[in-house]
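Take a look at the letters that make up each chain.
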2 protein chains.
Amino acid sequence: MAKRIGKRTIIFENSPKIAGYYSVVGKKEGEGPIGDGFHEVCEDELLGFDSFERAESELQRRAVLGALDAAKTKPQNIDCIFAGDLLNQCIGSSFGIGDLEIPFSGLYGACSTMALALINAAVHIDGGAAKEAIAVTSSHFCSAERQYRFPLEYGSQRPQSAQWTVTGSGSAVLTAKRGDIAVHSACIGRICDLGVKDQNNMGAAMAPAAYDTVRAYLEDTETKPDDYDMILTGDLGLVGSSMFCSLFARDGVDITRVHRDCGLLIFDRERQDVHSGGSGCGCSASVLCSNILNRMNGGELKNILFCATGALLSPTSVLQGNSIPSIAHLINLRRQDRI
Amino acid sequence: MAKRIGKRTIIFENSPKIAGYYSVVGKKEGEGPIGDGFHEVCEDELLGFDSFERAESELQRRAVLGALDAAKTKPQNIDCIFAGDLLNQCIGSSFGIGDLEIPFSGLYGACSTMALALINAAVHIDGGAAKEAIAVTSSHFCSAERQYRFPLEYGSQRPQSAQWTVTGSGSAVLTAKRGDIAVHSACIGRICDLGVKDQNNMGAAMAPAAYDTVRAYLEDTETKPDDYDMILTGDLGLVGSSMFCSLFARDGVDITRVHRDCGLLIFDRERQDVHSGGSGCGCSASVLCSNILNRMNGGELKNILFCATGALLSPTSVLQGNSIPSIAHLINLRRQDRI
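Residues numbered from 1 in each chain as written. Chains lettered and ligands numbered in written order. Predicted model: local features only at pLDDT ≥ 70, side-chain atom pairs only at ≥ 80, totals over all residues. Heavy atoms only, no water.

Asks: It is not clear to me how the packing of aromatic side chains should be interpreted in this structure. Could you clarify?
Replies: For any pair of aromatic rings, the description rests on two quantities: the centre-to-centre distance and the angle between the ring planes. Evaluation of the coordinates by the stated rule reveals 10 aromatic pairs over all chains. Both rings, one in Phe141 of chain B and one in Trp164 of chain B, keep their centres 4.0 Å apart while their planes meet at 5°; by these two values the pair is stacked. Of this pair, Phe141 of chain B sits in helix H5 (residues 141–148) while Trp164 of chain B sits in strand S8 (residues 164–165), and the two are 23 residues apart along the sequence. Among the residues examined, Trp164 of chain B registers a relative accessible area of 18% and is labelled buried. Three or more aromatic residues link up through ring pairs in this structure, and these residues are Tyr211, Phe244 and Phe248 of chain A. Directly above the ring of Trp164 of chain A sits Lys28 of chain A, whose terminal nitrogen or CZ lies 4.2 Å from the centroid. (Phe/Tyr/Trp six-rings, centres within 6.5 Å; stacked < 30°, edge-to-face > 60°. Helix = DSSP H or I, 4+ residues; strand = E, 2+ residues; numbered from the N terminus. Buried < 20%, exposed > 50% of the residue type's maximum accessible area, 1.4 Å probe, protein only. Lys NZ or Arg CZ within 6 Å of the ring centre and 35° of its normal.)

Dropping the structure here:
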């Protein structure tokens, strides 16, 4: 059974464990600062398929199969897969993992989806509704550019506040028993909308949502940033990260020492021309399911907050002049020997 | 705690209850055979807004506020809202319920979303992760036609196998304690894809998914169709319903006596020119949260299976020549005095 503390925090009394994880990314991500940690780097952006959308589906399929292998389990043992992506109607997921015949709970949280998937998987396991579950999400630079911005062939210029969608997928298998890293607790985000309308500055739109969720979790658990080895946001990028830290500074809280952002970790901004940093569902998923979980397994990180951030806009909502509602979901991951 | 029986069925030992529900629909739905049961019928298809998308968001907002009232609770008491819709990036939900400041778990299950939302809400409540939760989804004929088919102004003709997207929303508040109707058990669907490529025959694409889920649930629970007062599918329509019953007939099982379909209940096919019947996330949600739950409250129905069906296609996947993956999620609703 889970229990609730404070206003919004869920404590998992049965502590679901991460039994295995896997990440697969594109060439550019593989050349970045944490490229060595990914399990698989695909040189061909189409992965042998004839569309970017099918290539993105293939990323998810490979991530799930890799995580199943790592967890020494198989599709038949999985009670539910929690998956979603950025593509219209989430076709990255439905065409990627459909043939595995695993009960499927589709999610939509934009770039916050990995945290949302992990939370829902943990709730199902903790409450007995599942014995083994999977979380997975993906993004692909080319499918996202076409859908959200312009066809690649236009060669559009973007402002410095824009981010670069990660080509990648990350997946984790959660179980009731096996694994050294536990999902200790979680906080489900609320939609925040402070009126930002610039789709080339999604970090600014998402920063208040990340602040809202992290602050709620810290209050509910009566902890402070320095109690954690890392507070990892999803894809705020340079602009959003700066705003996120400023919002805490306004409260007299210095979060800069422990704050890191997946969008800043995955690319070298100087060398890789990604403007404000990486973004996309696959950004936080692939960074978590490689560098971060590797460092937790190695003992360097023992207690972290993973707070993935999502901008809930659509090209239609932007064209209609609406602002960008955002959300951030959080989980607390702990190495078991710390508890 | 939940427990699992058979291969895919979840039994909720704490039996989350439906504490309140509400439905809001468009003019055409209000004129249909079950029009009297809806809580609110909107004569203006724009609901006073300047786009069909914002009108759809307003449907969700009204449904949620109505369900909160019916359950005698308020947004601050709700631990999580499970919501989704058919629009790209689920903007029906994010613009509809964002300002309620309720923790938000976005879902994507196409027209199966209402069942998926109820299942996830029930899992969260049963396992202690939430005390009160909401399920909501919507669709709007005009926003769906524009996104999936053609702008209304084209006046496109559609074949007889096509369905008519319902303008409507349904919402239910689930709690741990209050309410006479309990969510007894559930079965999360798997993606089924038998190769149907005709987006004007989604009933045919979805029927195998509904069969797969209902059959799995009946096997796991060792029950037969006649053990239920009704087995209600989401939006198979005339073509899909016939296929669904045929698939059971092939197994020697007659499901026709108890089978009903929300897409056939909501419109009068002869009089309302809807071809194969109603469809859309809002179809099963609004029918469940009006006529069906009213009849359960009245004692006429005591034990039903609600199996909402979704076609996980996108306009892009169709244009790329892919078939239509489908899914169906199921919950068993029981009046408490029956247990």
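Asks: Looking at this structure, I do not really get the interface of chain B and chain A. What am I missing?
Replies: How big an interface is tends to be stated in terms of the accessible area lost upon association of its parts. Between chain B and chain A, the contact holds 59 residues from the first and 59 residues from the second. In total, chain B and chain A occlude about 4,500 Å² of area from one another, counting both sides; carbon and sulfur atoms represent 59% of this. On inspection of chain B and its partner chain A, the count reaches 2 salt bridges. Ionic pairing is found between Asp79 of chain A and Arg4 of chain B, a salt bridge with its closest N-O pair at 3.3 Å. At the boundary of chain B with chain A, the tally comes to 26 residue pairs in polar contact (both at pLDDT 80 or more). Per-element tally for the side of chain B that touches chain A: the top contributor is helix H4 (residues 113–126) of chain B, with 5 residues. Of the residues that constitute the side of chain B that touches chain A, the class distribution is 27 nonpolar, 21 polar and 11 charged. (Contact = heavy atoms within 4.5 Å. Buried area = accessible area lost by both parts, 1.4 Å probe. Salt bridge = Lys/Arg side-chain N within 4 Å of Asp/Glu carboxyl O. Polar contact = N/O pair within 3.5 Å; in protein donor to acceptor, adjacent residues only side chain to side chain. Nonpolar A, V, L, I, M, F, W, Y, C, P; charged D, E, K, R; others polar.)

Asks: What am I meant to see in helix H10 (residues 281–297) of chain B here?
Replies: Within an α-helix, residues lying three or four positions from one another point in the same direction, as the helix has 3.6 residues per turn. All names here are of chain B. With 17 residues, H10 ought to run about 24 Å at 1.5 Å a step, and its terminal C-alpha atoms sit 23 Å apart, in line with that. Approximately 40° is the largest bend angle found in H10, and it occurs at Leu288. Counting buried positions along H10 yields 14 of 17 residues, so the element is predominantly enclosed. Just beyond H10, the residue with positive phi is Gly299, at close to 95°. (Expected span 1.5 Å × (residues − 1). Bend = angle between axes of the 7 residues up to and from the residue.)

Asks: Please explain the side chain of His124 of chain B as it appears in this structure.
Replies: Turning to its location among the elements, His124 of chain B is positioned in helix H4. In terms of polar contacts, His124 of chain B uses its side chain to reach the side chain of Asn120 of chain A, at 2.9 Å. Among residues more than four places away in sequence, those in contact with His124 of chain B are Asn120, Val123 and Ile188 of chain A together with Phe82, Ala129 and Ala130 of chain B.

Asks: In this structure, what is going on with the relation of the copies chain B and chain A? I would like to understand it.
Replies: A rotation about some axis, followed by a shift along it, carries one copy of the chain onto the other. Mapping chain B onto chain A is achieved by rotating through 180° and translating by 0.0 Å along the same axis, at an RMSD of 0.0 Å. Each copy turns onto its partner about a two-fold axis. (Least-squares fit on C-alpha atoms with pLDDT ≥ 70 in both.)

Asks: Which parts of the structure should I look at to understand the packing of helix H6 (residues 202–221) of chain B against helix H7 (residues 237–250) of chain B?
Replies: Two numbers describe a pair of packed helices, the interaxial angle and the distance between the axes. Residue and element names in this part refer to chain B. Between H6 and H7, the shortest axis-to-axis distance is 8 Å and the interhelical angle comes to 40°. Between H6 and H7, the angle falls in the class oblique. Handedness of the H6/H7 crossing: right-handed. Contact residues: Gly203, Ala204, Ala207, Pro208, Ala210, Tyr211, Val214, Arg215 and Leu218 in H6; Gly240, Met243, Phe244, Leu247, Phe248 and Arg250 in H7. (Axes fitted to C-alpha atoms, helices over the stretch in contact; angles between N-to-C directions. Parallel < 35°, antiparallel > 145°, perpendicular 65-115°, else oblique. Left-handed = near helix turned anticlockwise from the far one by under 90°.)

Asks: Help me understand the pairing of strand S15 (residues 326–335) of chain A in this model?
Replies: Two faces make up the sheet, and in a regular strand the side chains alternate between them. Residue and element names in this part refer to chain A. Burial analysis of S15 places 10 of its 10 residues in the buried class, which makes it a mostly covered element. Of the two faces of S15, both are covered, the one formed by Ser326, Ala328, Leu330, Asn332 and Arg334 as well as the one formed by Ile327, His329, Ile331, Leu333 and Arg335. Direction of pairing for strand S10 (residues 181–187) relative to S15: antiparallel, over a ladder of 6 bridges. Bridge pairing in S15 places Ser185 opposite Asn332. Pairing between strand S14 (residues 303–311) and S15: 9 bridges, direction antiparallel. Paired with Thr309 across the bridge in S15 is Ala328. (Pairing = 2+ DSSP bridges.)

Asks: Honestly, the side chain of Thr137 of chain A in this entry has me stumped. Any pointers?
Replies: All names here are of chain A. Looking at the secondary structure, you find Thr137 in strand S7 (residues 132–139). A relative accessible area of 0% places Thr137 in the buried class. A distance of 2.7 Å separates a polar atom in the side chain of Thr137 from the backbone oxygen of Gly84. Look past the residues within four positions of Thr137 in its chain and what remains in contact with it is Gln60, Gly84, Asp85, Thr113, Met114, Gly168, Ser169, Gly170, Cys281 and Ala285.

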